[in-house]
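Residue strings, one per chain:
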Protein chains: 2
Amino acid sequence: MRATTPPLSRRLDGLQSSAIRDLLKLTARADIISLAGGLPDAELMPRDRIAAAADAALSSRGVLQYTESPGWGPLREVLRTRESARTGRPVSIEEIFVTHGSQQALSLLAEVLLDPGALVIVEDPAYVGALQVFRAAGARIVAVPLDAEGMRVDVLRELLARGERPAFVHTVSNFHNPGGVTMSTARRRELAELADAHGFWVIEDDPYGELWFDAPAPAPVATYSPNVIRLSSASKILAPTLRVGWMIAPDRVCRAVELLKQGADLCGSALTQQIAADLLSDTEWLAAHIDSVRTRYGQRAHALVEAVRARFGDRIVTTDAAGGMFLWADFTDGTDTRALLPHALDAGVAYVPGSAFAVSTDYAHSMRLCFTTSDATVLTTAVDRLAAAHTAVSEGARAQAQL
Amino acid sequence: MRATTPPLSRRLDGLQSSAIRDLLKLTARADIISLAGGLPDAELMPRDRIAAAADAALSSRGVLQYTESPGWGPLREVLRTRESARTGRPVSIEEIFVTHGSQQALSLLAEVLLDPGALVIVEDPAYVGALQVFRAAGARIVAVPLDAEGMRVDVLRELLARGERPAFVHTVSNFHNPGGVTMSTARRRELAELADAHGFWVIEDDPYGELWFDAPAPAPVATYSPNVIRLSSASKILAPTLRVGWMIAPDRVCRAVELLKQGADLCGSALTQQIAADLLSDTEWLAAHIDSVRTRYGQRAHALVEAVRARFGDRIVTTDAAGGMFLWADFTDGTDTRALLPHALDAGVAYVPGSAFAVSTDYAHSMRLCFTTSDATVLTTAVDRLAAAHTAVSEGARAQAQL
């Protein structure tokens, strides 16, 4: 007898793999310089220090066992100290919750904060990992655009005045992925005031805050309101393999997340959490380590900006690359970045078209360029190739126009 | 201005922390011998081997980076080999999906396989980590009792004959938690036939299969039908800190789980997955290691059964303790295990009352006893204490009856 094949849930029908992941498969060719990825540079990760910490952690059998759902105690203590300094108030241990990367915080928070059909406000362009989760949770999504000072809080204010009532507003406050910009202090205060006045949550998603190049990022939005849930991560400053993210949130939010974490995966790894605790608590070493990452990324970012300016002049406007991992670039000459991409791949360079991050705007002339994993020479070659592809497409278009 | 506090999702209203977790907090007192836990013994975990594997893994920078959502390639290869041997058919790499412990497989499968209100059939008594996830997913839950041969497949057959159509049937096929029993080969075949005939999934949840004491567990249910999704884990044979579980499922199930895993937490830890790959691929060492764990657990299980028989005679009937981590014990004299518990705690011993695992039956006279973390002497003392508490309660009841 042939087996009858059982069905899958209908809720999968709307779900798709991220366009970026699909693109990354295309750009894995060895002859392509990829500015499309979003990975920190493994060469700059503190491998020896992690190995030493793993060895030290394994001198105790305690790290072999299941750990508590909110996280390994010593790590939560270290994070409490760090976050108290960061937000300028004494953060309690109950407000610290360790997640499997900050992506898990987003997915658990979507369950904790959203009723079906609830409104979520995101930035446009948006972090796609967040968009994917909020969409899967059945949220209604409204986008507020970014400008050079980050989220257009005036647009949010108008939405609220029209009666929109978000469950939460999601913002990547520092060195935005993909937008590159950082929210100004004035906007942070204004966003916090709106959250307090209207009673909505702000999810301040901050994996890049410590990767500043010229000046430290402003004080977190969480400094200004108890309604802000702050997320950060060890992935960009130490290593993604630790799978250590963290959330700073009111006790009742943490306890609700704890209930869901038990069902989701019971708990994290005491081993990788102890490694993270070891490295994050060695403040002198950590400061020097982050400083060296910051210096290298800063050099690469500036090299990329310089190369784009040298090759494209005023045909491309880019963000300043003041920190983080990404440059956002807009063609001013009407170039369609989706149409350009196959030519760029032919020329040996990859990027992510702006449309991959678009919510309400199409960002047809924009692209995200990641500068973390190539040095200055390679980045310059990448821009040369991009310019060659752009010239070929432009000349092709002119030739066609003359026919 | 005082901040207006935002609400949490209404879907949290029905969720509760597991009764067992709450009980475990009560039993953490140093003077209590706890048979209530469900942890493998950290003393038997291969700490030195894990430390060596961590060191070797960290000789490559590849393990520092994000890894693929379905899992670290070398681990999936090792699991493919293991599972091909276990199920007696060539398992392809696309059918192997690594999860953050098998709890994550349960939670992702609940999303992949269940539409709201779908029917899920579980065993009674049930594994509470599974129940919690299926309830949170909004499933309608119907229980089929266990007996000495595992799930009463005849009761399942009756439910199907009455027109019930489950999305899936969940079974802990080997050395059941909490029931202690193992499904017979005849029932495995029959369950597989029903799945094929009626087109439902079977989730064969198998974390304990290798922890047999007298004879190996029967061939997996997955041997008999392509509709079986098999789950297993490194937590009970190596160490929970690795957070390595795995799923063997048809490609389309794995691809659906992959989509959801991206949103849930992006990916697992390449470091802990490489450690697992290293240890699981060293088959000679692994066989000896598991054998030693098996021997120690077997000695403890037999000591516990002996002590219960010696102290309680025919007032308690227990399972055989043929493997796994738990003994299921039924009082035959009408003792209510919830009423007994405070007296047992006073006497310095803890267990989990059967009611904590109950779905349709109340299991008022049953309890789960975990034998993994105490040696024979301690287990005997624990049973002495339990007997003292039982005697005190029985005499109190008789005295009251005479008033």
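Owing to the predicted nature of the structure, the values given are computational and were not obtained by experimental measurement.

A.B. asks: Explain the overall build of chain A residue by residue, including any values.
C.D. replies: The number of helices and strands found in chain A is twelve helices and 14 strands. In terms of overall dimensions, chain A is globule-like: its C-alpha atoms have a radius of gyration of 22 Å, near the 22 Å expected for 403 residues. For chain A, the C-alpha atoms occupy an extent of roughly 70 × 70 × 50 Å along the three principal directions. Taking all 403 residues of chain A together, 54% fall into the buried category.

A.B. asks: Can you tell me about the confidence of the model for chain A, naming the residues and giving the values?
C.D. replies: Residues at a pLDDT of 70 or more form 98% of chain A, whose mean pLDDT is 95. ipTM for the predicted complex: 0.95, alongside a pTM of 0.96.

A.B. asks: Lay out unusual backbone geometry with the relevant residues and their values.
C.D. replies: Geometrically, the link from Asn177(A) to Pro178(A) is a cis peptide bond, its omega value of 10 degrees lying close to zero. Tracing the backbone shows Pro178(A) in the loop between strand 6 (168-171) and helix 7 (185-198). In this structure, the amide linkage connecting Asp124(B) to the following residue, Pro125(B), adopts the cis form with an omega of 0 degrees. Inspection of the secondary structure assignment puts Pro125(B) in the loop between strand 3 (119-124) and helix 5 (128-136). Although it is not a glycine, Arg243(B) adopts a positive phi angle of roughly 50 degrees. Along the polypeptide, Arg243(B) turns up in the loop between strand 8 (228-233) and strand 9 (245-248). We classify Arg243(B) as buried; it has 32 C-beta atoms within 10 Å. Despite not being glycine, Leu266(B) shows a phi value in the positive range, around 70 degrees. Turning to its location among the elements, Leu266(B) is positioned in the loop between helix 8 (251-265) and helix 9 (270-281). On the neighbour-count criterion, Leu266(B) (22 C-beta atoms within 10 Å) is buried.

A.B. asks: For the sheet that holds strand 10 (residues 316-318) of chain A, give the residues involved together with the corresponding values.
C.D. replies: All names here are of chain A. Read from one edge of the open sheet, four strands run 10-11-14-13, paired in antiparallel fashion. Each edge of the sheet is formed by a strand with only one pairing partner; in this case those strands are strand 10 and strand 13 (352-353). Sheet topology note: the strand 13/strand 14 (residues 366-370) ladder contains two bridges and is antiparallel. Looking across to strand 14, one finds that Pro353 is bridged to Met367.

A.B. asks: How would you sum up the relation of the copies chain B and chain A? Please name residues and give values.
C.D. replies: Placing chain B over chain A gives an RMSD of 0.0 Å and needs a rotation angle of 180 degrees, together with 0.0 Å of translation along the axis. Overall, the copies show the geometry of a two-fold rotation axis. A shared binding surface is used by both copies, with 100% of the interface residues of chain B retained as interface residues in chain A.

A.B. asks: Lay out helix 12 (residues 376-402) of chain A in plain terms, naming residues and giving numbers.
C.D. replies: Residue and element names in this part refer to chain A. With 27 residues, helix 12 should cover 39 Å at 1.5 Å per step; its first-to-last C-alpha distance of 39 Å lies within 8% of that length. Burial in helix 12 covers these residues: Leu379, Ala382, Val383, Arg385, Leu386, Ala389 and His390. Tucked inside the fold, the buried residues of helix 12 contact strand 1 (33-34), helix 10 (283-312), helix 11 (337-347) and strand 12 (349-350).

A.B. asks: Could you give me a rundown of helix 11 of chain A, with the residues and numbers involved?
C.D. replies: All names here are of chain A. Taken residue by residue, helix 11 has Thr337, Leu340, Leu341, Ala344, Leu345 and Ala347 as its buried positions. Taken down its axis, helix 11 places every buried residue within 150 degrees of arc, on the same side. Looking at helix 11, the residues exposed on the side facing more than 90 degrees away from the buried face are Ala339 and Pro342.

A.B. asks: Could you give an account of the interface of chain B and chain A, naming the residues involved and the relevant values?
C.D. replies: At the interface, 67 residues of chain B touch 67 residues of chain A. Counting only elements with at least two residues in the side of chain B that touches chain A, the list comes to helix 2 (47-57), helix 4 (101-113), helix 5, helix 7 (185-198), helix 8 and helix 9 of chain B. When residues of the side of chain B that touches chain A are assigned to their parent elements, the largest contribution, seven residues, is made by helix 4 of chain B. The class makeup of the residues in the side of chain B that touches chain A is 34 nonpolar, 22 polar and eleven charged.

A.B. asks: Tell me about the sheet that holds strand 13 (residues 352-353) of chain B, and name the residues and values.
C.D. replies: Within a sheet, each strand pairs with its neighbour through backbone hydrogen bonds, oriented either parallel or antiparallel. Strand order in the open sheet made by the four strands is 10-11-14-13 (chain B), with antiparallel pairing throughout. In this open sheet, the two strands that pair with only one neighbour each are strand 10 (316-318) and strand 13 of chain B.

A.B. asks: Describe the packing of helix 3 (residues 73-87) of chain A against helix 9 (residues 270-281) of chain A, naming the residues involved and giving the relevant values.
C.D. replies: Residue and element names in this part refer to chain A. Interhelical geometry of helix 3 versus helix 9 gives an angle of 35 degrees and a closest axis separation of 8 Å. Here the hand of the crossing between helix 3 and helix 9 comes out left-handed. In contact with Pro74, Leu75, Val78 and Arg82 of helix 3, helix 9 contributes Gln273, Gln274, Ala276, Ala277, Leu280 and Ser281.

A.B. asks: Now, about the packing of helix 4 (residues 101-113) of chain A against helix 8 (residues 251-265) of chain A: what can you tell me, with residues and values included?
C.D. replies: All names here are of chain A. Put simply, helix 4 and helix 8 touch, their axes get as near as 9 Å, and they point 115 degrees apart. Classified by the interaxial angle, the pair formed by helix 4 and helix 8 is roughly perpendicular. Pair helix 4 / helix 8 crosses with right-handed handedness. Residue-level inspection shows Leu108, Leu109, Glu111 and Val112 of helix 4 in contact with helix 8, the latter providing Val253, Ala256, Val257, Leu260, Lys261 and Ala264. A per-class count over the contact of helix 4 with helix 8 returns eight nonpolar, no polar and two charged.

Here is what the cut-offs are and how they apply
Residue indices follow the written sequence of each chain, beginning from 1 at its first position. By the order in which they are written, chains take letters starting at A while ligands take numbers starting at 1. Two thresholds apply to this predicted model, a pLDDT of at least 70 for residue-level local features and 80 or more for giving and counting side-chain atom pairs, whereas whole-chain, interface and lining totals are computed over all residues. Think of it this way: any DSSP run of H or I at least four residues long counts as a helix, any run of E at least two long counts as a strand, and we number them from the N terminus. The atom set for the radius of gyration is the C-alpha atoms, and the globule formula is 2.2 Å times the number of residues raised to the power 0.38. Whether a residue is buried, exposed or partly exposed follows from its count of other C-beta atoms within 10 Å of its own C-beta, namely 20 or more, 12 or fewer, or something in between, respectively; the C-beta atoms are built from the backbone. On a range of 0 to 100, pLDDT expresses the predictor's confidence in each residue. Each pair of strands is called paired provided DSSP finds at least two bridges between the two strands. Residues reaching a pLDDT of at least 70 in both copies supply the C-alpha atoms on which the copies are superposed by least squares. Any two residues are considered in contact once their C-beta atoms, placed from the backbone, lie within 7 Å. Given a helix with a known number of residues, its expected span is that number minus one, times 1.5 Å. Within this analysis, the arc is defined by the directions that extend from the helix axis to the C-beta atoms. Throughout this entry, Asp, Glu, Lys and Arg are counted as charged residues, while Ala, Val, Leu, Ile, Met, Phe, Trp, Tyr, Cys and Pro are counted as nonpolar. The remaining residues, Gly among them, count as polar. Interaxial angles span 0 to 180 degrees and are taken between N-to-C directions of axes, which are lines fitted to C-alpha atoms, for helices over the stretch in contact. With the far helix as reference, a near helix turned anticlockwise by less than a right angle produces a left-handed crossing, and one turned clockwise produces a right-handed crossing. We call two directions roughly parallel when the angle between them is under 35 degrees, roughly antiparallel when it is over 145, roughly perpendicular when it lies between 65 and 115, and oblique otherwise.

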